[in-house]
Amino acid sequence: TVTDGLATEMLKADIESADVHYGDGKIGMMRLALDMNISNLDVAALEKLQKVDTAQVKEVDALIEKLIANNIHIDIPNFSVERVMLRGQEMSGFTLHADLDIDRSFNIYSAEMKPKYALKKIDGTIFLSMSKELLDVIKEDPKAMITYMMYRPKRKLGQRIYHINIGDGELKLNGKPVKF
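Since this is a predicted model, take the numbers as computed values, not measurements.

Engineer: A description of the overall build of the protein chain should follow, citing residues and the corresponding values.
Structural biologist: Each helix and strand in the protein chain was counted, giving six helices and 10 strands. In terms of overall dimensions, the protein chain has a C-alpha envelope of 45 × 35 × 30 Å along the principal axes. Residues counted as buried form 38% of the 180 residues belonging to the protein chain. When the accessible surface of the protein chain is split by element, carbon and sulfur atoms take 56% of a total near 11,300 Å². When the 25 positive and 27 negative side-chain charges of the protein chain are each reduced to one mean point, those points stand 9 Å apart.

Engineer: Describe in detail the side chain of Ser39, supporting the description with residues and values.
Structural biologist: Position of Ser39 among the secondary structure elements: in strand S3 (residues 25-42). Each residue touching Ser39, except ones within four places of it in the same chain, is listed here: Ala7, Thr8, Ile72 and His73.

Engineer: Report on the pairing of strand S9 (residues 170-173), specifying residues and quantitative values.
Structural biologist: Only one face of S9 is covered, namely the one carrying Leu171 and Leu173; the face carrying Glu170 and Lys172 has none of its residues buried. Where strand S8 (residues 159-167) lies against S9, four bridges are found, and the strand directions are antiparallel. Residue pairing for S9: Ile166 is matched across the bridge by Leu171. Counting the residues in the hairpin turn of S8 and S9 gives two residues, including Asp168, whose phi is positive at 50°. Relative to strand S10 (residues 176-177), S9 runs antiparallel, the two being bridged by two bridges. Note on S10: the bridge partner recorded for Lys172 is Pro177.

Engineer: I'd like to hear about helix H2 (residues 57-67), residue by residue, with values.
Structural biologist: Residues three or four positions apart in an α-helix share a direction because the helix packs 3.6 residues into each turn. What H2 keeps buried is the set Val60, Asp61, Leu63 and Leu67. What you see down the axis of H2 is that its buried residues fit within an arc of 165°, all on one side. Tucked into the core, H2 has its buried residues touching S3, helix H1 (43-49) and helix H3 (108-113).

Engineer: Run through the confidence of the model for the protein chain, naming residues and quoting values.
Structural biologist: On average, residues of the protein chain score 93 in pLDDT, and 100% of them are at 70 or above. Taking the mean pLDDT of every element in the protein chain, the minimum, 86, falls on H3 and the maximum, 97, on strand S6 (residues 122-131).

Engineer: Give a detailed account of the packing of aromatic side chains, specifying residues and quantitative values.
Structural biologist: Using the criterion set out here, one finds two aromatic pairs in the structure. Consider the rings of Phe79 and Phe94, whose centres lie 5.3 Å apart with planes at 75°: the pair is edge-to-face. In this pair, Phe79 is assigned in strand S4 (residues 72-86) and Phe94 in strand S5 (residues 89-102), connecting sequence segments 15 residues apart. Assessed through its relative accessible area of 17%, Phe94 is described here as buried. Summarising the aromatic geometry, the rings of Phe106 and Tyr117 are spaced 6.1 Å apart at their centres and angled 45° between planes, so their arrangement reads as tilted. With a gap of 11 residues between them, Phe106 in the loop between S5 and H3 and Tyr117 in helix H4 (residues 115-121) connect regions that are remote in the sequence.

Engineer: Describe unusual backbone geometry, naming the residues involved and giving the relevant values.
Structural biologist: The residue Asn40 is not glycine, and still its phi comes out positive at about 75°. In this structure, Asn40 sits in strand S3. Take Asn40: its relative accessible area is 27%, and that puts it in the partly exposed class. Phi is positive for Leu157, which is not a glycine, with a value near 50°. With respect to the helices and strands, the residue Leu157 is situated in the loop between strand S7 (154-156) and S8. The exposure class assigned to Leu157 is exposed, which follows from its relative accessible area of 83%.

Engineer: Which residues make up the pattern of salt bridges, and what values do they have?
Structural biologist: Pairs can form between side chains of opposite charge once their charged atoms are near each other. Following the criterion strictly, the structure yields 10 salt bridges and no others. Lys26 is the partner of Asp19 in a salt bridge, and the nearest nitrogen-oxygen pair spans 3.8 Å. Asp136 is the partner of Lys139 in a salt bridge, and the nearest nitrogen-oxygen pair spans 3.3 Å. A relative accessible area of 28% means that Asp136 is categorised as partly exposed. Taken together, the salt bridges that share partners define one network made up of Glu16, Arg31 and Glu82.

Thresholds, definitions, all that
- Residues numbered from 1 in each chain as written.
- Predicted model: local features only at pLDDT ≥ 70, side-chain atom pairs only at ≥ 80, totals over all residues.
- Heavy atoms only, no water.
- Helix = DSSP H or I, 4+ residues; strand = E, 2+ residues; numbered from the N terminus.
- Buried < 20%, exposed > 50% of the residue type's maximum accessible area, 1.4 Å probe, protein only.
- Areas by Shrake-Rupley, 256 points an atom, 1.4 Å probe, with all protein chains shown as cover.
- Lys, Arg positive; Asp, Glu negative; His and termini not counted.
- Charge placed at Lys NZ, Arg CZ, Asp CG, Glu CD.
- Contact = heavy atoms within 4.5 Å.
- Pairing = 2+ DSSP bridges.
- Arc of directions from axis to C-beta.
- pLDDT = per-residue confidence, 0-100.
- Phe/Tyr/Trp six-rings, centres within 6.5 Å; stacked < 30°, edge-to-face > 60°.
- Salt bridge = Lys/Arg side-chain N within 4 Å of Asp/Glu carboxyl O.

Structure follows, in structure tokens:
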């Protein structure tokens, strides 16, 4: 729906399988579900963004800022992947729920230069639950292992759970402030 040049978009997707390629690797996802609602999107910026050459980084950034310049709200009641294929191993996947508000003064350049800046412009919560097997594969990366050691997930029914809070310039994982 569109009101006063601002759109509210709803996305619902059920995908049997999808692959995400990165560097020389690939992540296979089976039975992916996504329900997402976004409100306060600038329609004119969205239309221009769909036509712009992505190589024009400054123009893309300016359009994204205009797109979200009206206190955008993102609600993801469900983003889940039942099974994941990673590094040749098939395992149970993950579930994510999120509710985020992005302040109208958000500046992409500032966020790129100082990622902590974004924490002052975004408020919300994210719930992430993943299988032990998936977390074990992720932890094979040394940086991920360090993060895991500092911010342990909660455990429930074989799942590894993170409650992520963003607000007032802080990021907290399971109630513990993340230090930058």
